[in-house]
Amino acid sequence: MRPLVTKPFPYFVGVYSLEELVTRKSRVCVINILGNESRKVTPVSHAYSGGNVVAGVQYGRHGLLETDAGDIPVYHSVRDVMKHGHDFDIGVIYLPPTAVSQAVWELVRFNSALKRIVIVTEKVSTRDSRNIRDICQGAGVDVIGANCLGVANAWDHVRVGGALGGDHPEETLRKGTVAIHSNSGNFTSTIAEYLKVAGFGITTAVSSGKDVYVHFALPEFLYAAQNDTRTKAVALYVEPGGYYEKMALDWIQSRLFGFSKPMVVCVTGRWKKNLERACGHAGAMAGSGSDAESKERWFDEYFGVPVFDPANPRVSKKGVRVASLQHFPDAMRAVYAKIDEKPDFEASGDLSLKLWISDSFFPLPPELDLPVVRAIPPYDQRIQESNRLVGAHFLRQNMRHKSGASWLNPSTQVAELHGVSVLELSRNAFEDNVFFALAKVMPSRAASRALNRVLSALVRMQTVRSDAFDEVRRADCAPNAFFASVAASVGDPPLVRGTRSMTGFLIDLMREHGITEQTEKLPDEAAEKLEAECLTRTVPVVASEWTGLLDAALDAELPASPVTVVVRHVSALRAAGKAHLKQPAEFALAAVLTALFWKPMLEKRISRDVTENALAYLNVIAALARNAVIDPESNSFWKGLAKPGAVSTGSARFTDMLFRILFNRKPAEFEAAELQTLLGLTATNGPGTLSAMGAKESVSARNAIPTAFAGFLTNTGMAHGGNGFEAVEFLIGHFMDSPLRDPGDPKDPADLQALASSAAKSYFKYKQAQKALESPSYKRVPCINHPVFKGKDVNIDPREDFIRKEMAGHGGHNAFLEFYHLLVRELFNEGATENVFCVNVDAVLACVALKLMWTDLREKRMTTRQAQDLVFILFLLGRAVGAAAEIADHRDRGEDMDCRTPQSEVAFVL
């Protein structure tokens, strides 16, 4: 079939004027009408255009497509459409790329009245596009596309092809005098929307697509726009690749056809200049001299003015190039003024940035700190709903052998919690590490002070069974068993439940009403909700032990957060005697905890669940701390905790309180530092440990937070957590009869070398005797050697080495730890070991703990068993930090029963 020729073009162009490209009289047949995209788009187009789709084709099927403008019949093929008497002059194709060429042939073959084909499909091959052009040129059919959103005629209220103007085209496609030609379908609608703001409507908009072949390209579009009496100016969006724009400008300047209307053009894609593969539209890839910069130069030379500058709006009667889509309104306004024309209607709105959403936790310079405005419907309601979804939302998955909280760094063999090594955690106060385990960031000073108040109050309010200690001793229970019973009995008391509910209420209140740190006054609607939920005119009966904490919270001694706005409002009403809190303790705790965890939650480090359940975690930690006493009868500080009205709101560190519970004395500064070293070191050893698995398995069974702590505690024992227990017994056996008085004094008269030599000789003899008896289970020296740090002439556990150097750097000395280092060398010298074993990190726990209680042991104020229990308790308290992180992580990410062992992994043995 020979191509037709339409003057002035050397090829066929069936359109003389844009107004005839698609009209109210156009009738349409859609191929693949029931496909996913067409099923959504075609009903909107059909209704907007007054019912212009006469039929559809769905190969291998027939039926109806229901629309608001009437049902559209669907047939097996184009031939069936014609047989049933449905006349149409435009075909729209939504088929997959490989089927497009065949559909074009079928449309042309069976419909002699066909005028246009709109190809929505993207990624049509260059070979098929060439065949399509050859078929349609020979048949006298215009093609728009491929990879386009079709054509819209705002004057005739018609849309053919894709989703120009979106789901509500009548809002975007307003009648006017600007014609649009765009290589991008979405930007076709965007340009129309932007022009509308400045008072310009459109005549016809063409989404041309940007494949290698652009079948209705700029030359024929400008020709048709010149002949369109409705069109006064043209808006163009141009991407790199191809020479259609150069061809059009050359033909205009050579007077192949006349064009006298101004153009505003945006050329984009400089970044694609050096690409070797298509990125985005297949044809938007620069060839030799067709990159974005070349196209910018073509248009600038044609216009005779530089790129549009809103501050100095120079344009010519031919038009101007804009550097950004947002400059279209100003540039078009300037062009219309240049040709003595007025906009099509009154301008409405502007393109300034209007924030609908802002979390505002990053301080911004004034020029970027824009106010948040209420979104237009229906987005305002959707935003309000999404605001409730504050915090991280993690992908649910099987977490049996996984953790998002801890891991053992394979390069250092040092455990890390939330990316921070336990060596670094050993430098922090215990309460700061508790916060870090939940919030994944270290607390600020203000947060640390507030956390100390909460933990102090929680420790003092714990219920303690005075007979529990006697029962534990009689039953010879290990500390972990007693602690497990404590954790399990914590449950979900009214205070925790009420605080959880109040925390959720405060989060919703602040998110729904857009309350931020910068909010000066609580919005009226938010104030009404707050007062109705939390306040009363009746003075409630408040337990005296909570009064101090309540006052501290309401005195705004809180980390900066939106909560302070709420607290100020409540504080003002209370001070004026106008209202009282219904639940003072719950409100005080909720206010403090929401303030503490607000920023990590807003930054999506943690989930909302962690914030709402923060008190549940802290309450268990406090219960363990309260029950960590070794000898309750002689510990006067511990006894004082139970006195009525004893809740203190002072600023004493929780670590210091814990020290007094454990050691029955006020710590010196270096002693408190040694305690926090112990607790930080034992925070975690990765998710594969028995303790971590116990916590995770309990969460997997959907247990409550206290029960999950009990799971971690029951999964510890003499083999896991009890090494310090054995080491204390070992050290006491070698030192109790020695002259050692002060293990922290390097000048103490005790001869550590002689003690180490004696211990090594004694152990070597014991080992030889056991081997002679062929005993496979003889005792090892506790806390030396390590399955990883071994095999060298001299072995070092880097964790223990770090702590030893840290202590030496602060002038610290520990006779027991020095003894251990002498011992491993003497064991090698005696032939008891093949090389110098490492002193492992468990020794630090035993040595530091024994140093802290040595005087009590020497003076018989503490028994050996109590010393052993205390070391085990220290391990449990430290590991409770990591357990809290694992519990929170598994609650966020895990699935019910995900820690269950699959049947394929279990076996029965005889």
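Every value quoted in this text rests on a predicted model; they were computed, and no experiment measured them.

Reading the values: the criteria
Residues numbered from 1 in each chain as written. Predicted model: local features only at pLDDT ≥ 70, side-chain atom pairs only at ≥ 80, totals over all residues. Heavy atoms only, no water. Pairing = 2+ DSSP bridges. Helix = DSSP H or I, 4+ residues; strand = E, 2+ residues; numbered from the N terminus. Axes fitted to C-alpha atoms, helices over the stretch in contact; angles between N-to-C directions. Right-handed = clockwise from strand over helix to strand, strands pointing away. 1 Å grid on protein atoms, 1.4 Å probe; cavity = no way out; pocket = protein on both sides within 12 Å on 5 of 7 lines; lining within 4 Å. Points joined across faces, edges and corners; volume = space filled by probe spheres on them. Expected span 1.5 Å × (residues − 1). Bend = angle between axes of the 7 residues up to and from the residue. Buried < 20%, exposed > 50% of the residue type's maximum accessible area, 1.4 Å probe, protein only. Salt bridge = Lys/Arg side-chain N within 4 Å of Asp/Glu carboxyl O. Polar contact = N/O pair within 3.5 Å; in protein donor to acceptor, adjacent residues only side chain to side chain. Parallel < 35°, antiparallel > 145°, perpendicular 65-115°, else oblique. Left-handed = near helix turned anticlockwise from the far one by under 90°. Contact = heavy atoms within 4.5 Å. Nonpolar A, V, L, I, M, F, W, Y, C, P; charged D, E, K, R; others polar.

### Description of the sheet that holds strand β14 (residues 319–322)
Spatial ordering of the open sheet is given by β9-β8-β11-β10-β12-β13-β14, a layout of seven strands whose pairing is mixed. Every interior strand has two partners, whereas the edge strands, β9 (158–160) and β14, have only one. On average, each strand axis in the sheet is tilted by 15 degrees relative to the strand beside it, whichever way the strands run. Sheet topology note: the strand β10 (residues 175–182)/strand β11 (residues 202–207) ladder contains five bridges and is parallel. Bridge pairing in β11 places V178 opposite I202.

### What to know about the pairing of strand β7 (residues 142–145)
Bridge analysis of strand β6 (residues 116–119) against β7 gives four bridges, and the strand direction is parallel. Bridge assignment links R116 to a residue of β7, and that residue is D142. On the question of chirality, the crossover connecting β6 to the parallel β7 by way of helix α4 (residues 126–139) is right-handed.

### Some details on the sheet that holds strand β15 (residues 406–409)
Reading across the sheet, the three strands line up as β15-β16-β17 and stay open at both edges, with antiparallel pairing between neighbours. Where the open sheet ends on each side, the last strands, each with one partner, are β15 and β17 (420–421). Note: β15 against strand β16 (residues 414–417), four bridges, orientation antiparallel. If you follow L408 over to β16, its bridge partner there is A415.

### Re the environment of V151
The topology assignment puts V151 in strand β8 (residues 150–153). Between the C-alpha atoms of V151 and A205, which are 54 residues apart in sequence, the distance is 5.7 Å.

### Remarks on empty space enclosed by the protein
Across all of its chains, the model carries seven cavities of 30 Å³ or more by this definition. Taken as a whole, the largest cavity spans an internal volume of roughly 100 Å³. Looking at the largest cavity, it is lined by 13 residues, and the ones nearest its centre are R133, Q137, D142, V143 and H215. Breaking the lining of the largest cavity down by element, the ones donating at least two residues are α4 and β7. The dominant element in the lining of the largest cavity, judged by the number of residues it contributes, is α4, at four residues.

### Details of helix α21 (residues 584–602)
Across its 19 residues, α21 extends 26 Å between first and last C-alpha, which sits within 8% of the 27 Å expected from 1.5 Å per residue. A maximum bend of about 35 degrees is found in α21 at L596, where proline P600 lies one to four positions downstream. Across the 19 residues that make up α21, a large majority, 18, are buried. Looking one or two places after α21, you find K604, whose phi comes out positive at around 60 degrees.

### Comments concerning the pattern of salt bridges
This structure, assessed with the given rule, holds 35 salt bridges. In this structure, K521 and D524 form a salt bridge, with 3.3 Å as the shortest nitrogen-oxygen distance. Owing to a relative accessible area of 55%, D524 belongs among the exposed residues under this scheme. Among the charged side chains, a salt-bridge network with shared partners connects R665, E671, D856, E859 and R861.

### Side note on the side chain of N452
Structurally, N452 can be placed in helix α14 (residues 445–461). Overall, N452 belongs to the buried group, its relative accessible area being 4%. Reaching out from N452, the side chain makes a polar contact with the backbone oxygen of S448 at a distance of 2.9 Å.

### Focus: the pairing of β6
Successive side chains on a regular strand alternate, one facing one side of the sheet and the next facing the other. Side chains R116 and V118 of β6 all project onto a buried face; the interleaved residues I117 and I119 project onto the opposite face, where all are buried too. Across four bridges, the pairing between strand β5 (residues 90–93) and β6 is parallel. What sits directly across from G91, in β6, is I117. Crossover β5 to β6 through helix α3 (residues 97–110) is right-handed.

### Some points on the packing of helix α13 (residues 430–439) against α21
Running from N to C, α13 and α21 point in directions that differ by 40 degrees, and their axes come no closer than 10 Å. Considering their axes alone, α13 and α21 lie oblique with respect to each other. Handedness of the α13/α21 crossing: right-handed. Facing α13, whose interface residues are F435, L438 and A439, α21 presents L596, F597 and P600. When the residues that make up the contact of α13 with α21 are grouped by side-chain class, the tally is six nonpolar, no polar and no charged.

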